[in-house]
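Tertiary structure, described
The residues making up each chain are set out below.
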Amino acid sequence: EKYLPAILNGETAWAQGFSEPGAGSDLASLTTKATRDGDEYVVNGQKIWTSAAHLADAIFAMVRTDPTAPKHRGITFIVIDDIKTPGLTVRPLIDMGNHHYFNETFFEDVRVPVDHVIGEENRGWYVGMTLLDYERSNIGGAVSARKTIEGLLRHLATPEGEARSTLGHAGGAVRRHALADCYIASEVMYQFSFRVISMHNAGQLPNYEASTSKLFNSELSQALARMGTKMFGLYANLWRERNEGDHVAVSFADDYIRSVPATIRGGTSEVQRNIIATRGLGLPREGRGR
């Protein structure tokens, strides 16, 4: 009642404080701590790769409240409803494509009311993992992939697009097949998204299905970017912001650079494959028999 209406109306944007410099794929190793002081927690630590924190109004975070507990326990999920809370600092991280989307966030004696806990104290790991199951569903990724391919096809059908493409050069048939493969993959992803949506509508929580969606879509985004750069050859080396007149042809180099972390953020492809193997296929965990 307090937070969801403003999120749904687009009035409040939230950042996610999960990853840390020493806790990425092994997120349960996080060390940002919250110490109880009366009716407040005092939070100290650092988060990294905090997506769009510089644009956010608020931030939620997983913090360690019981350092003596096993690492998957003793973690609490808290919300800080003002990202300008004293002691909370957001610093930019500029990526290799010269974009500012990621940040590092520092917590220095940040005070958070105890009633800002989501779920139970010391059981925030389960809240965070449930959240990731929804995040990894990534039904918007299927729409993005389809729009990218449809835009490319429209552009290739124009005289300008046809002239700048490499389809008529040596190896053009290979690139046509690559484009067809990406189109088919985007349709598979689109249909799979309906499965995820139907599970949400039925009140079910996608788990390995969400990991399947995340894995398939993040690798598809990289394949699309690679295919696009090859489709326009040397012309694809031009940067988008300097060549707005032909935005389709020059967008793929930018997409390619920015797609590098796609198979890392939100859980690496290796992590997703492990989830699919154990929870979807019933295979034993690595190192536990055959």
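Above: the structure in question.
My aim in this report is to walk through the structure given alongside it, one point at a time. This one's a predicted model, so the numbers in the text were calculated from it and none came from an experiment.

1. Some remarks on helix α6 (residues 208-232)
An ideal rise of 1.5 Å per residue puts 36 Å on 25 residues; α6 measures up with 37 Å between its terminal C-alpha atoms. Two residues or fewer past α6, Gly233 is found with a positive phi of approximately 55°.

2. Here's the deal with the packing of α6 against helix α8 (residues 269-280)
Helix-helix packing: each pair is described by the crossing angle between the helix axes and the interaxial distance. Between α6 and α8, the least distance of the axes is 9 Å, while the angle of their chain directions is 145°. Taken as a pair, α6 and α8 cross one another with a handedness that is left-handed. Facing α6, whose interface residues are Tyr208, Ser211, Thr212, Lys214, Leu215, Ser218 and Glu219, α8 presents Ser269, Gln272, Arg273, Ile275, Ile276, Arg279 and Gly280. Considering only residue class, the contact of α6 with α8 consists of four nonpolar, six polar and four charged.

3. Re the side chain of Ser213
Examined against the element boundaries, Ser213 turns out to sit in helix α6. Residue Ser213 is classed as buried on the basis of its relative accessible area, which comes to 0%. Here the side chain of Ser213 touches Ser137 through a polar contact of 2.6 Å, landing on its backbone oxygen. Sequence-distant contacts of Ser213, defined by excluding residues within four places in its chain, comprise Arg136, Ser137, Asn138, Met189 and Phe192.

4. Some thoughts on the nonpolar core
In terms of nonpolar packing, the biggest core is built from 19 residues, with Leu152, Leu156, Leu224, Met227, Met231 and Phe232 touching the most fellow members. For this core, the secondary structure elements donating two or more residues are α3 (139-156), α5 (172-201), α6 and α7 (247-258). The contacts of Leu156, once residues within four sequence positions are left out, are Gly161, Glu162, Ser165, Leu167, Leu179, Met231 and Phe232.

5. What about the packing of α3 against α5?
Following both chains from N to C, one finds α3 and α5 inclined at 150°, their axes separated by 8 Å at the closest point. Regarding the angle of α3 to α5, the classification is roughly antiparallel. Regarding α3 and α5, the two cross each other, and that crossing is left-handed. Every residue of α5 that contacts α3 at Ile139, Ala142, Val143, Ala145, Arg146, Ile149, Leu152, Leu153 and Leu156 is listed here: Leu179, Cys182, Tyr183, Ser186, Glu187, Met189, Tyr190, Ser193, Val196 and Ile197. Looking at the contact of α3 with α5 residue by residue, the classes come out as 15 nonpolar, two polar and two charged.

Reading the values: the criteria
Residues numbered from 1 in each chain as written. Predicted model: local features only at pLDDT ≥ 70, side-chain atom pairs only at ≥ 80, totals over all residues. Heavy atoms only, no water. Helix = DSSP H or I, 4+ residues; strand = E, 2+ residues; numbered from the N terminus. Expected span 1.5 Å × (residues − 1). Axes fitted to C-alpha atoms, helices over the stretch in contact; angles between N-to-C directions. Left-handed = near helix turned anticlockwise from the far one by under 90°. Contact = heavy atoms within 4.5 Å. Nonpolar A, V, L, I, M, F, W, Y, C, P; charged D, E, K, R; others polar. Buried < 20%, exposed > 50% of the residue type's maximum accessible area, 1.4 Å probe, protein only. Polar contact = N/O pair within 3.5 Å; in protein donor to acceptor, adjacent residues only side chain to side chain. Core = buried A, V, L, I, M, F, W, Y, C linked by side-chain atoms within 4.5 Å. Parallel < 35°, antiparallel > 145°, perpendicular 65-115°, else oblique.

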